Amino acid sequence: MRFTDRADAGRRLAAAVAARDPRDPVVLGLPRGGVPVAHRVAEALGAPLDVLVVRKLGVPSRPEVGFGAIGEDGVRIVNDSVVRAAAVGEHDRTRVEEAERAVLEARLRRYRRDRGAVPLRGRTAVLVDDGVATGSTALAACRVARAHGAVRVVLAVPVAPREAVALLRREADEVVCLASPDGFGSVGQWYDDFTQTSDEEVAELLARHDPPAPENGTGTGTAGGTGSGGGDGGEGRSEGASRTLGGAGRGAGTEVADGPVEVVADGVRLAGDLVLPDRAAGVVVFAHGSGSGRLSPRNRAVARALRREGLGTLLFDLLTEDEGRDRERVFDVPLLARRLAGATAWLRSAGTPPVCYFGASTGAAAALAAAAEPGADVAAVVSRGGRPDLAGDRLGDVRAPVLLIVGGADTSVLPLNRWAAGRLRCEHALEVVPGATHLFEEPGAMERVERSAAAWFLGHLPRSAPRGAG
């Protein structure tokens, strides 16, 4: 396998990484050549992009032999066996580390400029390079990412020799490598264009992934749902996107701005992303499940497709970071349904368009349970590869039109969807995508999900009106 350039390698690698649906990812490019590749991966995942700079600590008499490595914020990894074998004294270790740390900090300033590091604690670190030769730098990068608090480390490269991949699999939780050719040679020989990446290009790519600066300097907005207080109530608004919703006489005291939001539901604060096009016919609230969240690349792809059809979208985490590690909470459908209902109440209080639900996995059960509540005013529900059976007795109380989309090759979930369809008393349809498996990874499968979902929502929503129209 050959690559035209780093952009081509990044696009191909991005598809492979996105198919694995990493949870709450941060994409980290290894400067400099890994950053253009990482840029494409971050775009595909809808994830933040940062750099991970690692400096090898070389034995003074033989600099090519590393006795350790350092990362930012004082992270230091030392191989004690090499230190003992090479008789590297404390004075030499300190001198080498001070010199390398000065280089590391200078590079970080050039790359990030005035930006801070993206926190890794509790998240999946997706480390990306343009290729691996020996694996020593990538190995150190995996250890540094873990030292910074990453709960899972995924190493993704377009090309690497088999022996390096085997070495890295002992350290990384997962290695994604597109090609391990015989007669490897060097990384550059597998690219038609392997032009050196400049510091300026690294800085520019990082800047492209900066979140919009808040106008009032407070960061993300709070989606409170209580309606207490007037004015802006301390809610942050994303620069350039911040059209406040709700018109005269509707949702008094509650403001909602496009962009990052913080949904307060069921007594907890949950991170989210809200986009509402002008004249939107409705807003689709995504209900994630089974350990997924607002950064799920599949649901974000569906959200983009729905927005192209003029629908608004709210993607938010139904569980906090700590809750997401508890498998019992992941399958606690009543809890997930309460969170979803809380987000819906907040949207309604601001005078937004009619609300629809898009649920995946256990999120589909939560969407149906929330739609079954007395007084629930949900325009339509779509389930993608969902577990509607987990809604149990609530299925008969759902009044919104329901579309269940399931893969024809998803042999475990398809019968559960058929069972659930038989218990729905509302308007409903079961759409089986031929040959598709649970994650709809087959060519054209996810596009069909997007088309079907958009058609179902638009077919059950009133015609759009300007925002805030009374």
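Before reading further, recall that the structure is shown in the block above.
In this text the structure is predicted, and so the values were computed from the model without any measurement. Residue positions are given per chain, counting from 1 as you read along its sequence in written order. Thresholds applied to this predicted model are a pLDDT of at least 70 for local features of residues and 80 or more for the giving and counting of side-chain atom pairs; totals over whole chains, interfaces and linings are not thresholded and use all residues. Values shown for side chains rest on all heavy atoms present in the structure; no hydrogens or waters enter the calculation.

Draft legend 1. Representation of helix α8 (residues 297–308) within the structure. With 12 residues, α8 extends 17 Å from end C-alpha to end C-alpha; this agrees with the ideal 16 Å at 1.5 Å per step. Relative accessibility under 20% of the residue-type maximum defines a buried residue, over 50% an exposed one, and the middle range a partly exposed one, all with a 1.4 Å probe and only protein chains included. The helix count covers DSSP runs of H or I at least four residues long, the strand count covers runs of E at least two residues long, and both are numbered beginning at the N terminus. Burial analysis of α8 places nine of its 12 residues in the buried class, the great majority of the element. All of the buried residues in α8 are Pro297, Arg298, Asn299, Arg300, Ala301, Val302, Ala303, Ala305 and Leu306. One or two positions beyond α8, positive phi appears at glycine 310, with a value near 90 degrees. Multiplying one less than the number of residues by 1.5 Å gives the expected span of a helix.

Draft legend 2. Highlighting helix α6 (residues 162–169). All of the buried residues along α6 are Ala164, Val165 and Leu168. Looking straight down α6, one finds that the buried residues subtend no more than 100 degrees of arc, so they occupy a single side. In this structure, α6 carries Glu163 and Arg169 as exposed residues pointing more than 90 degrees from its buried face. A contact between two residues is defined here by any heavy atoms of the two lying within 4.5 Å. Close packing links the buried residues of α6 with α5 (136–147), β7 (152–159) and β8 (174–179). Taking the helix axis as origin, the arc is that swept by the directions to the C-beta atoms.

Draft legend 3. Spatial organisation of the nonpolar core. Within this scheme, the nonpolar core is defined by two criteria: the residues are buried Ala, Val, Leu, Ile, Met, Phe, Trp, Tyr or Cys, and they are joined through side-chain atoms within 4.5 Å. One finds Leu314, Phe316, Leu340, Tyr357 and Val381 to be the most contacted residues of the largest nonpolar core, which totals 44 residues. For this core, the element with the most residues is helix α11 (residues 333–349), which contributes eight residues. What leucine 314 contacts, discounting residues up to four positions off in sequence, is Val261, Asp273, Leu274, Val283, Val284, Val285, Phe286, Ala343, Trp346 and Leu347. Among the nonpolar cores identified, the runner-up in size contains 35 residues, and Val17, Val51, Val88 and Leu104 belong to it.

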